[in-house]
Amino acid sequence: MTSISRRNLLVASGAAAASLVLGSRVAAAPSEYSYKFANNLPAAHPMNVRATEAAAKIKAETGGRVTLQIFPNGQLGSDTDMLSQVRTGAIDFLSLSGLILATLVPSASITGLGFAFPNYEAVWRAMDGSLGTYVREQIAKTNLVAMDKIWDSGFRQITSSTRPIQAPADLKGFKIRIGPAPVFISMFKGLGAGVTPINFDQLYTALQTKIVDGQENPLSIIATAKFYEIQKFCSMTNHAWDGFWLLANKSAWEKLPAPLRDIVAKHINAAALAERADLAVLNGNLRTELSGKGLKFYEPNVQPFRDALREAGFYGYWRKSLGEEAWAALEKSIGKLG
Ligand code: X2X
């Protein structure tokens, strides 16, 4: 399985988008189990590239009985629209950040707590261990099924069109876009920023029209969404890690005979691991690539940000809000937080 090269990521967006658009618009001959898989990411993001590969493998191994049509780029609506759709069965699969899933499953916020994960070793120890199990159990209490392996989105950085963010004081009066994610709204309010919740499909325009001064996302999304075209500065705050749960509508999932479900789960989970590896490669290269596109990088000392969150009562609030079981599952993987 080849990894997505840096060059492929930044230059293949047209081809990838075209292939996915064609794939989604050219009426595929209906198979016995035809599923819609929606997400908010650009077609060139490794998540869509690997999901497309997985869909082909699923179709091949099931002899065409199971097909997944992929709808990237928020084609089927905003994140909050698509979450409603996967709950009703209007779409069958949705990849969604735990930050936004938290509007339905509050405990999903736990993976987005500020500065919770020091590195990827801690992320995968948690998400492939007790914390991931805990959150999937909470998701299962809704009418959704979460696949075993969470996909990587990455450690999030702050971009700006006005000034580099180097200390909490720089966030005072800074108009930052946040996804409709309770824990991030809380985090950036706690840091003193002016928070504007906007769905991802509206973000490029909001930045371009200066409705907001900046936003925060991993480098792979800054690159594939081309935010470097309308942002000047990027501060490597690594203020939170984020991942995408691969969610299935429960009745659509249970409609599949067990042997077909096993094939679908096998290839989707394998694709998640391949996508994680892709991002690991990209995370080592994208800063150079984005610098070449004009983005100016900064490496702020993050301890003042952590201290400001603690002083604002952020960790105490979320420990109480999420509960001791969730907090114990988190600290089992990362040690003491807050
Ligand atoms: O909306 C965002 O910023 C994104 C794409 O990172 C999420 O899905 C949370």
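Residues numbered from 1 in each chain as written. Predicted model: local features only at pLDDT ≥ 70, side-chain atom pairs only at ≥ 80, totals over all residues. Heavy atoms only, no water.

Topic: the domain arrangement of the protein
Domain boundaries assigned for the protein yield domain 1 (6-154 + 242-282) and domain 2 (157-239 + 292-334). The gap between the C-alpha centroids of domain 1 and domain 2 is 23 Å. Contacts between the two partners involve 36 residues from domain 1 and, on the opposite side, 36 residues from domain 2. With both sides pooled, the region where domain 1 packs onto domain 2 buries about 3,000 Å², and carbon together with sulfur makes up 70% of that total. Linking domain 1 with domain 2 are zero salt bridges, by the criterion used here. Remark: the boundary between domain 1 and domain 2 carries seven residue pairs in polar contact (both at pLDDT 80 or more). (Domains from an automatic or database assignment. Contact = heavy atoms within 4.5 Å. Buried area = accessible area lost by both parts, 1.4 Å probe. Salt bridge = Lys/Arg side-chain N within 4 Å of Asp/Glu carboxyl O. Polar contact = N/O pair within 3.5 Å; in protein donor to acceptor, adjacent residues only side chain to side chain.)

So, the pattern of salt bridges
Evaluation of the coordinates by the stated rule reveals 14 salt bridges. One salt bridge connects Asp148 with Arg136, and the closest N-O pair in it is separated by 3.8 Å. With a gap of 12 residues between them, Asp148 in the loop between β4 (144-146) and β5 (151-155) and Arg136 in helix α7 (residues 130-139) connect regions that are remote in the sequence. Between Arg156 and Asp242 there is a salt bridge whose closest N-O contact spans 2.9 Å. Remark: Asp242 occurs in strand β11 (residues 241-249) and Arg156 occurs in the loop between β5 and β6 (157-160); sequence separation between them is 86 residues. Neither Arg156 nor Asp242 differs from the other in exposure class; each is buried. (Helix = DSSP H or I, 4+ residues; strand = E, 2+ residues; numbered from the N terminus. Buried < 20%, exposed > 50% of the residue type's maximum accessible area, 1.4 Å probe, protein only.)

What to know about the packing of aromatic side chains
Here a ring pair, both rings aromatic, is described through the centre-centre distance and the interplanar angle of the planes. Summed over the entire model, instances satisfying the criterion amount to 13 aromatic pairs. An angle of 70° between the planes, with centres 6.4 Å apart, marks the rings of Phe184 and Phe188 as edge-to-face. Of the two residues, Phe184 and Phe188 are both situated in helix α8 (residues 182-190); the distance of four residues between them amounts to about one turn of the helix. In terms of burial, Phe184 and Phe188 fall into one category: buried. Every member of this aromatic cluster is reached through a ring pair, and the members are Phe117, Tyr120, Trp124, Phe155 and Trp241. Over the ring of Trp124 we find Arg276; its NZ or CZ atom is 3.7 Å from the centre of that ring. (Phe/Tyr/Trp six-rings, centres within 6.5 Å; stacked < 30°, edge-to-face > 60°. Lys NZ or Arg CZ within 6 Å of the ring centre and 35° of its normal.)

Brief notes about the packing of α7 against helix α15 (residues 324-334)
As a packed pair, α7 and α15 sit with axes 8 Å apart at the nearest point and diverge in direction by 155°. Between α7 and α15, the angle falls in the class roughly antiparallel. Contact residues: Ser130, Leu131 and Tyr134 in α7; Glu325, Ala326, Ala329, Leu330, Lys332 and Ser333 in α15. When the residues that make up the contact of α7 with α15 are grouped by side-chain class, the tally is five nonpolar, two polar and two charged. (Axes fitted to C-alpha atoms, helices over the stretch in contact; angles between N-to-C directions. Parallel < 35°, antiparallel > 145°, perpendicular 65-115°, else oblique. Nonpolar A, V, L, I, M, F, W, Y, C, P; charged D, E, K, R; others polar.)

Brief notes about empty space enclosed by the protein
The gaps left among the atoms become clear once a water-sized probe is rolled over them. Following the criterion strictly, the structure yields two cavities of 30 Å³ or more and no others. Roughly 160 Å³ of internal volume is contained in the largest cavity. Lining the largest cavity are 18 residues, with Ser97, Ile100, Arg156, Asn217 and Asp242 positioned closest to its centre. Those elements that provide at least two residues to the lining of the largest cavity are α5 (98-101), β9 (214-217) and β11. Its residues placed into classes, the lining of the largest cavity shows eight nonpolar, five polar and five charged. The volume enclosed by the second largest cavity comes to roughly 40 Å³. Sorting the residues of the lining of the second largest cavity by element identifies α3 (46-61) and β2 (66-71) as the ones contributing at least two each. (1 Å grid on protein atoms, 1.4 Å probe; cavity = no way out; pocket = protein on both sides within 12 Å on 5 of 7 lines; lining within 4 Å. Points joined across faces, edges and corners; volume = space filled by probe spheres on them.)

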